[in-house]
Number of protein chains: 2
Amino acid sequence: MSAPHILCVGAATFDTLFKVPAIPATPTKVLPTACLQLAGGMAASGGAAIVRLGGRVEYWARVGDDATGRATIADLAAAGLELSRIRLVPGGRSTVCTILVDDAGGRMVVPYYDPQLDPDPGWLPVERIPQFDALLVDARWPAGAARALGAARDCGRIAVLDADVSPPGVLEELAPLASHVVFSEPALQSFAGAGPIEEALHAAATRLPGFVGVTLGAAGFSWLERGAIRHAPAPEVQAVDTLSAGDVFHGAFTLALAEGADPATAGRFANAAAALKCTRFGGRAGAPTRAEVEAFLRTSAA
Amino acid sequence: MSAPHILCVGAATFDTLFKVPAIPATPTKVLPTACLQLAGGMAASGGAAIVRLGGRVEYWARVGDDATGRATIADLAAAGLELSRIRLVPGGRSTVCTILVDDAGGRMVVPYYDPQLDPDPGWLPVERIPQFDALLVDARWPAGAARALGAARDCGRIAVLDADVSPPGVLEELAPLASHVVFSEPALQSFAGAGPIEEALHAAATRLPGFVGVTLGAAGFSWLERGAIRHAPAPEVQAVDTLSAGDVFHGAFTLALAEGADPATAGRFANAAAALKCTRFGGRAGAPTRAEVEAFLRTSAA
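Residues numbered from 1 in each chain as written. Chains lettered and ligands numbered in written order. Predicted model: local features only at pLDDT ≥ 70, side-chain atom pairs only at ≥ 80, totals over all residues. Heavy atoms only, no water.

Caption draft 1: View of the overall build of chain A. When helices and strands are tallied, chain A shows nine helices and 14 strands. In terms of overall size, chain A behaves like a compact globule, its C-alpha atoms giving a radius of gyration of 18 Å where 302 residues would be expected to give roughly 19 Å. Buried residues in chain A amount to 58% of all 302 residues. Here the analysis covers contacts within chain A between residues at least 6 apart in sequence; of these, 65% occur between residues at least 24 apart. (Helix = DSSP H or I, 4+ residues; strand = E, 2+ residues; numbered from the N terminus. Rg over C-alpha atoms; globule rule 2.2 N^0.38 Å. Buried < 20%, exposed > 50% of the residue type's maximum accessible area, 1.4 Å probe, protein only. Contact = heavy atoms within 4.5 Å.)

Structure, rendered in structure tokens:
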């Protein structure tokens, strides 16, 4: 079987990660002990994780026609993504994001999205979507995600929405278009009510046509299957950097679904990939290889 | 009289400024309302301020031989600095710095200096220092600053040290080499004792051969003249961004000295330039022109 070919669509960012002993509670100067610059964005980082795990990935996104945009493309190309369909928007500014990661794994994220960066997704070559085995989108470029999800639905492709906390209305528009919606915990509660996770999953499912799940950080992954709650605990690890762990989960989950795995198997695989990522500093640069995940699954109790 | 030609020597940085409503006390996501990327560093920003004020500036520094280093050079060239003697260090990484500025003017600064960036200042063409009218150095590249200050002292040039808080020993090494040491308030107290400013100025002067002054933010500028404390109050302004205000002060002060001003006149001029900078977001990009400072001085009570 050839490697699945996954399409990722989202908002690209150029990230500066600083490792700091502690994130201060009052404004001051902070001296980082390490610094890393790399291109990201949720679906891009998910795509880079898929490449590490053996999949092939094409990435559709737009960046500003500036030095940061070109650095973003160069770095994602180095991560193995196919980028022939990325768009440099004339006059737009690329998204930059600074992230502080402290020694306790806490983080402060400061992303700047240019409000002038043309959101029109009309140029997306959605007629090519039937060529892919699955689609993974983030919610940070809603118009692009909606267009890609709609095209994937029309041809019956697996289409995973990485449903993180978003401005009002965004998840309401996107989630019904996806075959699989995997929420973050706060996004699920924002979408479906602040009660217990089980109730929120049931409430979300009544409004959505497809698969509904939620990532719970160190607690793992829960989802609904034939009306019942299922749960896959995450393996225990010593977390040093949880940045991009969610992206890695969504990438690994999408790849496993594209390979034909059932949700329980895909969830266990994605839990392991995300847990391994957390043991390494560097955001998505810490994502594991397929061999590392498989070795970890063989020895892990999870 | 032709415009003074000032040499600036220091550590160059590539800065990302985010304007945020408030800097959070606990790690979280922060959405900036504006973002600006520009090259800086204390002496570089001081030099850019000098150019705005009508001086000519050559800048000596080293950057990593990477995309950030090239962006640093391009942006400082756009600010009008002469950069033929900047050094791209093979294998070194350029310094990046993220700064959050909140609506109350508070700021969090996160600079990353590559410990591998070659500190050797042997390549600095110090035989050219007699050609300049004055020297301004920061303390972030101590070996470079020491070499330039020593050469300026040997030929009797005005040599201003922007003496901000530094690792132990750095100001102790550099300050005795400068003709003019202008401390920040915390740096003066670190150098000369945590008592009242007046006592600390006297204590510093007993250890230094030249001029000793201290910038006091909104309170202005104090210095010693023939054993007596002098003070120039800063004009009152509505501060929206104090970032680089100290750099602008040091640049304006150096330029005024090079033009032959006495310390009181130079201090008043520099106070006005720094105050105007504080009224505009954007770090050193908010530095005023000569005409703006002169108009402000005509109408200001200071």
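Caption draft 2: Representation of the sheet that holds strand β2 (residues 13–20) of chain A in the model. All names here are of chain A. With mixed pairing, four strands are arranged side by side in an open sheet as β3-β2-β7-β8. In this open sheet, the two strands that pair with only one neighbour each are β3 (34–40) and β8 (107–112). Neighbour to neighbour, the strand axes of the sheet diverge by 15 degrees on average, direction disregarded. Summarising the sheet, β2 and β3 pair through seven bridges and their orientation is antiparallel. Along β3, the bridge assignment pairs L17 with L36. (Pairing = 2+ DSSP bridges. Axes fitted to C-alpha atoms, helices over the stretch in contact; angles between N-to-C directions.)

Caption draft 3: Spatial organisation of the relation of the copies chain B and chain A. Mapping chain B onto chain A calls for a screw motion: a turn of 180 degrees about the axis and a shift of 0.0 Å along it, with 0.0 Å RMSD after fitting. Between the two chains, the operation in question is that of a two-fold axis. Identified as the residue of chain B closest to the rotation axis by C-alpha distance is A25(B), at 2.0 Å. (Least-squares fit on C-alpha atoms with pLDDT ≥ 70 in both.)

Caption draft 4: Geometry of the pairing of strand β1 (residues 5–9) of chain A. Residues and elements named next belong to chain A. For β1, the buried fraction is high: five of the five residues fall into the buried class. Pairing analysis gives five bridges linking β1 to strand β4 (residues 56–60), with the strands arranged parallel. Bridge assignment links I6 to a residue of β4, and that residue is V57. Where β1 and strand β9 (residues 134–138) come together, four bridges link them in parallel fashion.

Caption draft 5: Representation of the confidence of the model for chain A. Mean pLDDT over chain A works out to 94, with 99% of the residues at or above the 70 mark. In the predicted assembly, ipTM is 0.78 and pTM is 0.83. (pLDDT = per-residue confidence, 0-100.)

Caption draft 6: Up close: the packing of helix α1 (residues 42–52) of chain A against helix α7 (residues 245–258) of chain A. Residues and elements named next belong to chain A. In the contact formed by α1 and α7, the axes pass within 7 Å of each other and the chain directions differ by 55 degrees. In terms of axis orientation, α1 runs oblique to α7. Helix-helix and strand crossings are classified by hand; for α1 and α7 the assignment is right-handed. Of the residues in α7, those in contact with M42, S45, G46, A49 and I50 of α1 are D247, V248, G251 and L255. Of the residues contributing to the contact of α1 with α7, the split by class is five nonpolar, three polar and one charged. (Parallel < 35°, antiparallel > 145°, perpendicular 65-115°, else oblique. Left-handed = near helix turned anticlockwise from the far one by under 90°. Nonpolar A, V, L, I, M, F, W, Y, C, P; charged D, E, K, R; others polar.)

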